[in-house]
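Listed below, chain by chain, are the residues.
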Amino acid sequence: MDVIGGLNKNATRMLTGFILGTVAMSCIILSGIPLLILLYVFVFFASREYVKILEHKGFYPNLKVIWLAEVVLGYIAYIQRFDMTALVISFFSIISFMWVLFRGRQPYIANAATTILGIIYCGWFPMHLMYLRELSSPEFSSGLGFVVMMFTSILLTDIGCYYAGRHLGKHKLAPVVSPNKTIEGSIGGIISAIIGAVIISFFIGFEWYYAVIVGLICTVFAQIGDLCESLIKRDAGVKDSGDSLPGHGGFLDRTDSFIFTIPVMYYVCKYFIFSNQIVSDFANLIKGLF
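Quantities reported herein were computed from a predicted structural model and do not represent experimental measurements.

**Focus on the nonpolar core**
Logical step 1: Core analysis: the biggest nonpolar cluster contains 62 residues, and Leu129, Met150 and Ile273 have the highest contact counts within it.
Logical step 2: For this core, the leading source of residues is helix α9 (residues 251-273), giving 11 residues.

**Looking at the packing of aromatic side chains**
Logical step 1: Under the definition given, this model contains 24 aromatic pairs.
Logical step 2: Considering the side-chain rings of phenylalanine 206 and tyrosine 210, the 6.1 Å spacing of their centres and the 35° angle between planes classify their relative orientation as tilted.
Logical step 3: Here tryptophan 208 and tyrosine 209 contribute two aromatic rings whose centre-to-centre distance is 5.7 Å and whose plane-to-plane angle is 80°, an arrangement assigned as edge-to-face.
Logical step 4: Residue classification places tryptophan 208 among the partly exposed positions, given a relative accessible area of 49%.
Logical step 5: Relative accessible area serves as the criterion here: at 44%, tyrosine 209 is assigned to the partly exposed category.
Logical step 6: What links up through ring pairs into an aromatic cluster is the set Phe140, Phe146, Phe206, Trp208, Tyr209, Tyr210 and Phe274.
Logical step 7: The side chain of lysine 270 reaches across the aromatic face of tyrosine 271, ending 5.6 Å from its centre.

**Things to note about the side chain of serine 31**
Logical step 1: Summarising the element assignment, serine 31 is placed in the loop between α1 (2-30) and α2 (32-57).
Logical step 2: Residues in contact with serine 31, not counting those within four places in the same chain, are Arg133 and Glu134.

**Section: the packing of helix α4 (residues 85-102) against helix α5 (residues 108-133)**
Helix packing geometry: the angle between the two helix axes and the distance between the axes.
Logical step 1: Running from N to C, α4 and α5 cross one another at 155°; their axes reach a closest spacing of 9 Å. When the axes of α4 and α5 are compared, the pair comes out roughly antiparallel. The two elements α4 and α5 meet at a crossing, and its hand is right-handed. Contacts between α4 and α5 involve Thr85, Ile89, Phe92, Ser93, Ser96, Phe97, Trp99 and Val100 on the former and, on the latter, Tyr108, Asn111, Ala112, Thr115, Ile116, Ile119, Ile120, Trp124 and Tyr131.

**Things to note about a nonpolar patch on the surface**
Logical step 1: Residues Leu173, Ile183, Ile187, Ile191, Ile195, Ile199, Phe202, Phe203, Trp208, Tyr209, Tyr210 and Ile213 make up a contiguous nonpolar surface patch of about 1300 Å² in total accessible area.
Logical step 2: If you list the elements that add at least two residues to the nonpolar patch, you get α7 (183-204) and α8 (208-236).

**Description of the pattern of salt bridges**
Logical step 1: On inspection of all chains with the given rule, the structure shows six salt bridges.
Logical step 2: With its nearest N and O atoms 3.1 Å apart, the salt bridge here joins lysine 57 to aspartate 235. One end of the pair, lysine 57, is in helix α2; the other, aspartate 235, is in helix α8, and 178 residues separate them in sequence.
Logical step 3: Lysine 57 gets classed as partly exposed once you look at its relative accessible area, which sits at 36%.
Logical step 4: Of the charged contacts, one joins arginine 81 and aspartate 83 as a salt bridge, the two residues approaching to 2.8 Å between their closest N and O atoms.
Logical step 5: On the basis of relative accessible area, aspartate 83 is assigned to the exposed category, the value being 54%.
Logical step 6: Connected through salt bridges with shared partners, the residues Glu229, Lys233 and Asp253 form a single ionic network.

**Regarding the pairing of strand β2 (residues 178-182)**
Logical step 1: Across two bridges, the pairing between strand β1 (residues 172-174) and β2 is antiparallel. Counterpart to alanine 174 in the pairing with β2 is serine 178.
Logical step 2: Counting the residues that bridge the hairpin from β1 to β2 gives three residues.

**Some details on the packing of helix α3 (residues 63-78) against α5**
Logical step 1: Here α3 crosses α5 at 20°, and the two axes come no closer than 9 Å. In terms of axis orientation, α3 runs roughly parallel to α5. At the point where α3 passes α5, the crossing takes the right-handed sense. Residues Val65, Ile66, Ala69, Glu70, Leu73, Gly74, Ile76, Ala77 and Tyr78 of α3 pack against Thr115, Gly118, Ile119, Cys122, Gly123, Trp124, Met127, Met130 and Tyr131 of α5.
Logical step 2: Classifying every residue of the contact of α3 with α5 by side-chain character gives 13 nonpolar, four polar and one charged.

Definitions and cut-offs
- Residues numbered from 1 in each chain as written.
- Predicted model: local features only at pLDDT ≥ 70, side-chain atom pairs only at ≥ 80, totals over all residues.
- Heavy atoms only, no water.
- Core = buried A, V, L, I, M, F, W, Y, C linked by side-chain atoms within 4.5 Å.
- Buried < 20%, exposed > 50% of the residue type's maximum accessible area, 1.4 Å probe, protein only.
- Helix = DSSP H or I, 4+ residues; strand = E, 2+ residues; numbered from the N terminus.
- Phe/Tyr/Trp six-rings, centres within 6.5 Å; stacked < 30°, edge-to-face > 60°.
- Lys NZ or Arg CZ within 6 Å of the ring centre and 35° of its normal.
- Contact = heavy atoms within 4.5 Å.
- Axes fitted to C-alpha atoms, helices over the stretch in contact; angles between N-to-C directions.
- Parallel < 35°, antiparallel > 145°, perpendicular 65-115°, else oblique.
- Left-handed = near helix turned anticlockwise from the far one by under 90°.
- Patch = residues over 30% accessible without salt bridge, like charges linked within 9 Å, V, L, I, M, F, W, Y side chains within 5 Å.
- Areas by Shrake-Rupley, 256 points an atom, 1.4 Å probe, with all protein chains shown as cover.
- Salt bridge = Lys/Arg side-chain N within 4 Å of Asp/Glu carboxyl O.
- Pairing = 2+ DSSP bridges.
- Nonpolar A, V, L, I, M, F, W, Y, C, P; charged D, E, K, R; others polar.

See the structure below:
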């Protein structure tokens, strides 16, 4: 009976993952409104899970403020107005404090701080996917290929970490935060992600040696994102972020590896791959010193 139950659980997990992956990639390929809807669905559920986790800790971030901020952040990402981000985040940070001032309850500082963190963690970071998808340059017509490279690296990180950790894992990576993760598993994930990035690079016309660096960046921040979500759950005394996804737990459990990787990948692509602006500015600065 245990074996059958295990098989059923794995089948459910694989089916859910396949459906999610197909829907997500379809929306990313189509871009525009479909991608915006995908992001809105994610941030809606992820934010709700985030608030419930924090409530176990005795903190009470305002979900309505978080949702409203995410709607606005999603809209400015859709119209590609990155320049308005500071305005929106500043405005809703003030709103978070005003809510605590007039309608909040103890602990006041923690509630305001966790509301702002929810806006950034569950909203602003994932919305970078819209900006990454719409990047373009004379060499690359869009950011789609690099989104695929990032997704491939993250998925292979999960697979590599699981199998390497299961068969070779001996040394704990972060025993306090996530006791099951091992250094050997982490290395397996890194190797798998880099191989995946290199393979994708041949299809998008990207130099393989740069793909090694991109794959390494993706897998490192994917694993950091996974550990950070585990940190939040462990601190709050929660095992799973939710049960919205059969076989996977909650939305945060399934996408924690993407939350940090998406913005990092965007900035790497924008300032180093699609443009060498930072490199040129830094070179000019060094020349000016001498």
